[in-house]
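What follows is the residue order along each chain.
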Amino acid sequence: MHGGDVALIMGGTVLLLLIAAAARVVTNNTRLPLSVVLFVVGIAIAAVAPAIGLGQAVAHFQLSPGLVFYVFLPSLVFESAISLDVRELRRNLLPILTLAVPGLLISTTGIALVVALGTPLGFRTALLLGAILSATDPVAVISIFKRLGAPRRLHVLVEGESLFNDATALVVSRILATVVIGGAVSGNVALAGLGRFLWVFLGGVASGAVLGFATGYALRSVRSDSFVSITLTTILAYLSFIIAEEGLGVSGVMATVTAGLTFSGWGWMRVSREVRDYLEYFWQYVAFVANALIFLLVGLLVDPATLRGSLSTIVWAVIGMLASRILVAYGLVPSLRSISRQHAFGPRYQTVLFWGGLRGAVAVAIVLSLPEFGGNDLFLSVVIGAVLFTLLAQGLTIDPLVRLLGIDRPSLPDRFIGLDTQLQARRTAIEALPRLSNGGRFSSSILKRVRDGYADSLRPLERNLQSVSEEASGGQEQERMLYLRSLGEERGRYVELFDAGHIGERALRTLDLEVSMQIDAVRHADDIDTLHLGRFHHTPVIERLQRFIEARAPFRRLAEHRRKRRFAIDYELSWAHYQSSTRVLDRLEEEDAVFSRATMQSVRNRYRRWNETARRQLDTAADQFPEFVADAQERFGYRLLLLHERQYIGEALEAGALPDNAGEEHLSEVDRRLEKLRNREIAELGVTPERLLRGIPLLASLSDEAFGELAVQLQPRTFPAGEEIIRQGDSGSSLFLIARGVVRVTREQANGDVKEISTLLPGDFVGEMALLHAEPRTATVLAVTPMLAYELRRQDARAATERYPDLLAALRAEDRRRREENRRQHG
């Protein structure tokens, strides 16, 4: 490539980026979809360029398959993946997959049937076209949902469905392309195709997960270095794609999606909060540039004559797209109600989902990546024509449709929150005004005039706020508004606690998501009496996977470390819940003319219950695990000191009071101490095995030597409140001695009822039947409070009982007693 060519390409790229920036400014002021504006500008440039002598220059900018597939596509799917919160994705995984997998089949088959019936294309070729056109672009509809304050779960549903849909569409398209090229299809070929799909799909998932975890571990050592963190995530996005595609022969898109989701769910915790902000802005910018260049270059690529020649096929493809989208929006989406009432969306949102099913960059990327099969030019024209229709016909009319449906008007609670926020902001500003008079150099008369003038602006807001409150149709609407205000105060308190070093980043993310889900429930739930404040729990599938891993000997120490970390997070969550609910209660104790006394009392009572629950959790932890609580509070203290030290040094650097080299050295030292504090081993939870064994009556007759032998074999295990220690029906080979905490034993009856058998306290033990007889667990044992237990495994107990027959006799005697007790209960 000559120097002139490089200069031309660089100059053209700069010009395209300038056009993209200008288009962004236009769309910000007009609410037109950015992709529509860029596409139209690209067509205009291609039309005008020859007339002004720039035809050759424009010809240099071709949207090649390699450029789209290896440069643009990884950045687009990686940004989409890391922007999704994995915890929300996991909570909504079943409805997302219900929408994505059947949705893709409906769309692919629907488009194929319509195109095969209306055009000369065969059904297999039409299936390939249908798979390509099934990849949707949710950017436009998501931006509308965010602007309208649509239910958060609807955002997650649409983004998650699009992410899985696009990845699956690419895999299916490439497999169908081999079928189209290969000719006849037999049963063996179809079976091989299914096997190929599973290998490509799951192989991509596995390779992406491995690289995602490896990058997360690497980020731990550079958590505060934004340049290295951005570099590592960029490498992750592209390396996962290239290794999967070129090295393993599996799906690069699935590898990049999985790598992004792994990083989103786990890797974010490996970087500091400041670096996370840099990363988010960086990847948003990268996605903006990729989308902008794709749509500009597609516009340059469009040949009106070729589009006219393919017009008939384009029309039939569009009809198939719209028909299949109707089936998904009005047939599949309502079925989500059977999975969860939270996913019941009304016909107005279903209509927006239908008309907002735009096609975009991913569909173009797929068609450009196809191997040569004789219909590439036709497919490119049809896909560009279909994308053009969705961008112009649907993209330009989505806003008027939203206004026509009446979902652009803010709800009563949202209007209240907007007015209340304005009012509180102005009151806070007025309270800060007297600072100007410090030192006596500011005129008191001017200060009074400014304050009085600003105070006058409060009265219209107060009247409007009162009017909105009176407009509420009943007590529930007033409660809804008061809950929204209170939850907003909770979120603010959580940020304060984080800034003060009382809670860590993981706790803050959990609390922020928790409040977001609660706000969404208050805004959109039919009955706010279902509102609750609870911790996010693992799904049963995740719990079973963790149990399987923890049962493997090499992972036991890692599993115990994870449990103690989770216990520490739970303590921080309880502390934050207590602090935030106390703050809200202080506000609720004040009289407020906007709300009725009954509304204030109802919300106050619920926050009192939440506050009491959090207080009991803290008291329980302090009572049962004083060593841990002392260690946690010591961590709080040191973290607070180090954060304030870092803030002071940063301010001194910014003010120029500290030389750069000295300031950077001091900051690095503080960061090292923070990292050391973060990685410090969590305090042991007390109670030695020997002391525990001495308190068990059935072992009272054991010799000191037997005690020592048995104590060596015991392994400490911690369980957060609510976690199952033993599950009925599972195979087991361990006995658990309870050191701290309370557990409940339940048994599921033949008729499906669950019967509570007993409550066990420190000094009790469970699991002797599995230890002695290798029988399935006969009951479920649940940690009521955070607890510490010691585990005795069968292989470890065997050596001790062989040497000390009195130990075996004691265990068998207790086993006979409990079996007899079980027989009496069943009799």
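These remarks concern the structure in this document.

Rules used in this analysis
- Residues numbered from 1 in each chain as written.
- Predicted model: local features only at pLDDT ≥ 70, side-chain atom pairs only at ≥ 80, totals over all residues.
- Heavy atoms only, no water.
- Helix = DSSP H or I, 4+ residues; strand = E, 2+ residues; numbered from the N terminus.
- Buried < 20%, exposed > 50% of the residue type's maximum accessible area, 1.4 Å probe, protein only.
- Contact = heavy atoms within 4.5 Å.
- Areas by Shrake-Rupley, 256 points an atom, 1.4 Å probe, with all protein chains shown as cover.
- Phe/Tyr/Trp six-rings, centres within 6.5 Å; stacked < 30°, edge-to-face > 60°.
- Arc of directions from axis to C-beta.
- Pairing = 2+ DSSP bridges.
- Polar contact = N/O pair within 3.5 Å; in protein donor to acceptor, adjacent residues only side chain to side chain.
- Salt bridge = Lys/Arg side-chain N within 4 Å of Asp/Glu carboxyl O.
- Axes fitted to C-alpha atoms, helices over the stretch in contact; angles between N-to-C directions.
- Expected span 1.5 Å × (residues − 1).
- Patch = residues over 30% accessible without salt bridge, like charges linked within 9 Å, V, L, I, M, F, W, Y side chains within 5 Å.
- Core = buried A, V, L, I, M, F, W, Y, C linked by side-chain atoms within 4.5 Å.
- Parallel < 35°, antiparallel > 145°, perpendicular 65-115°, else oblique.
- Left-handed = near helix turned anticlockwise from the far one by under 90°.
- Nonpolar A, V, L, I, M, F, W, Y, C, P; charged D, E, K, R; others polar.

What follows concerns the overall build of the chain. Looking only at helices and strands, one finds 34 helices and eight strands in the chain. Among the 827 residues that make up the chain, the fraction classed as buried is 49%. When contacts within the chain are restricted to residue pairs at least 6 apart in sequence, those whose partners lie at least 24 apart make up 80%. Put simply, the chain shows about 39,200 Å² of open surface, and 59% of that area lies on carbon and sulfur atoms.

Under the counting rule described, the total for this entry stands at 10 aromatic pairs. Their ring planes at 70 degrees and their centres at 5.0 Å tell us that Phe 69 and Phe 241 sit as a pair that is edge-to-face. Pair noted here: Phe 69 is in helix α4 (residues 65–82) and Phe 241 is in helix α11 (residues 226–248), with a separation of 172 residues, a long-range link. Accessibility classification places Phe 69 together with Phe 241 in one group, the buried group.

Every buried residue of helix α19 (residues 398–405) is listed here: Ile 398, Asp 399, Leu 401 and Val 402. Viewed end-on, α19 has its buried residues packed into an arc of 160 degrees, placing them on one side of the element. Gly 406 sits one or two positions beyond α19 and adopts a positive phi of about 80 degrees.

On to the sheet that holds strand β3 (residues 734–740), then. Spatially, four strands are ordered β1-β8-β3-β6 in an open sheet, and the strand pairing comes out antiparallel. Single-partner strands in this sheet number two, and they are β1 (715–719) and β6 (765–766). In the sheet, β3 pairs with strand β8 (residues 787–793) via six bridges, with the strands oriented antiparallel. Residue pairing across strands places Ile 738 opposite Ala 789, the latter belonging to β8.

In this section: the side chain of Thr 780. Note that Thr 780 resides in strand β7 (residues 780–783). For Thr 780, a relative accessible area of 14% puts it in the buried group. In this structure the side chain of Thr 780 is engaged in a polar contact, spanning 3.0 Å, whose partner is the backbone nitrogen of Gln 728. If sequence neighbours within four positions are ignored, Thr 780 has contacts with Glu 724, Ile 726, Arg 727, Gln 728, Arg 744, Val 745 and Thr 746.

Judged by how many residues are buried, β8 sits mostly within the fold: seven of seven residues are covered. Note that β1 and β8 share five bridges and pair antiparallel. Directly across from Arg 717, in β8, lies its bridge partner Ala 789.

Quick look at the pattern of salt bridges now. Under the criterion given, the structure shown has 16 salt bridges. The shortest N-O distance in the salt bridge between Glu 645 and Arg 673 comes to 3.3 Å. With Glu 645 in helix α28 (residues 626–655) and Arg 673 in helix α29 (residues 660–678), the pair connects residues that are 28 residues apart, well separated along the chain. Look at Arg 673 and you get partly exposed, because its relative accessible area is 36%. Overlapping salt bridges bring together Arg 493, Glu 496 and Arg 583 as one network.

Our next topic: the sheet that holds β7. Taken in spatial order, the four strands of this open sheet run β2-β7-β4-β5, and their pairing is antiparallel. Lying at the two open borders of the sheet, with one neighbouring strand each, are β2 (724–726) and β5 (754–760). With strand direction ignored, the average angle separating the axes of adjacent strands in the sheet is 30 degrees. Bridge analysis of strand β4 (residues 743–748) against β5 gives six bridges, and the strand direction is antiparallel. Bridge assignment links Arg 744 to a residue of β5, and that residue is Thr 759.

Here we take up helix α22 (residues 458–471). Between the first and last C-alpha of α22 there are 20 Å, a value that for 14 residues agrees with the 20 Å anticipated at 1.5 Å per step. Of all the residues in α22, the buried ones are Leu 458, Leu 461, Leu 465, Val 468 and Ser 469. All buried residues of α22 project into a common sector of 100 degrees when viewed along the axis, lining one side. α22 presents Arg 463 and Glu 470 as exposed residues on the side facing more than 90 degrees away from its buried surface.

Taken together, Leu 32, Val 40, Leu 392 and Leu 396 make up a surface patch of nonpolar side chains, about 280 Å² in accessible area. As for its placement among the helices and strands, Leu 392 is situated in helix α18 (residues 376–394).

This paragraph deals with the nonpolar core. Counting residues in hydrophobic clusters, the biggest one holds 106 residues, and the most contacted among them are Leu 73 and Leu 128. Counting residues per element, this core draws most heavily on helix α9 (residues 152–182), at 14 residues. When residues no more than four places from it in sequence are discounted, the contact partners of Leu 73 are Val 68, Leu 170, Phe 241, Val 253, Val 362 and Ala 365. Formed by 47 residues, the second largest nonpolar core is a distinct cluster that contains Leu 482, Ile 519, Ile 569 and Trp 575.

To continue, consider the environment of Pro 413. Along the chain, Pro 413 turns up in helix α20 (residues 412–432). You can call Pro 413 buried: its relative accessible area is 4%. C-alpha separation for the pair Pro 413 and Leu 484, spaced 71 residues apart in sequence, amounts to 7.6 Å. In this structure, Pro 413 is in contact with Glu 477, Arg 480, Met 481 and Leu 484, ignoring residues within four places of it in sequence.

Closest axis-to-axis distance for the helix α2 (residues 34–48)/α18 pair is 9 Å, and the angle between their directions is 125 degrees. Viewed along their axes, α2 and α18 adopt a mutual orientation that is oblique. The crossing of α2 and α18 is left-handed. Seen from α2, the contacting residues are Ser 35, Val 36, Phe 39, Val 40 and Ile 43; seen from α18, they are Ile 384, Leu 388, Leu 391 and Leu 392. Looking at side-chain class alone, the contact of α2 with α18 contains eight nonpolar, one polar and no charged residues.

For any two helices packed against each other, one specifies the inter-axial angle together with the distance between the axes. At a minimum axis separation of 8 Å, helix α6 (residues 93–118) and helix α15 (residues 311–332) run at an interaxial angle of 150 degrees. When you trace α6 past α15, the crossing you get is right-handed. Residues Thr 98, Leu 99, Pro 102, Gly 103, Ile 106, Ser 107, Gly 110, Ile 111, Val 114, Val 115 and Gly 118 of α6 form the contact with α15, whose own contacting residues are Trp 316, Ala 317, Ile 319, Gly 320, Met 321, Ser 324, Leu 327, Val 328 and Leu 332. Residues of the contact of α6 with α15, tallied by class, amount to 13 nonpolar, seven polar and no charged.

Further remarks concern the side chain of Ser 134. By secondary structure assignment, the location of Ser 134 is in the loop between α7 (123–132) and α8 (139–148). On the accessibility criterion, Ser 134 (1% relative accessible area) is buried. With near-sequence residues (within four places) excluded, Ser 134 lies in contact with Leu 104, Ser 107, Thr 108, Ile 111, Asn 165 and Arg 359.

Another point: the environment of Phe 416. With respect to the helices and strands, Phe 416 occurs in helix α20. Accessibility expressed as a relative area gives 0% for Phe 416, which makes it buried. A sequence separation of 68 residues divides Phe 416 from Leu 484, and the C-alpha atoms of the two residues are 9.1 Å apart. Every residue in contact with Phe 416, bar those within four places of it in the chain, is listed here: Leu 465, Val 468, Met 481, Arg 485, Val 594 and Phe 595.

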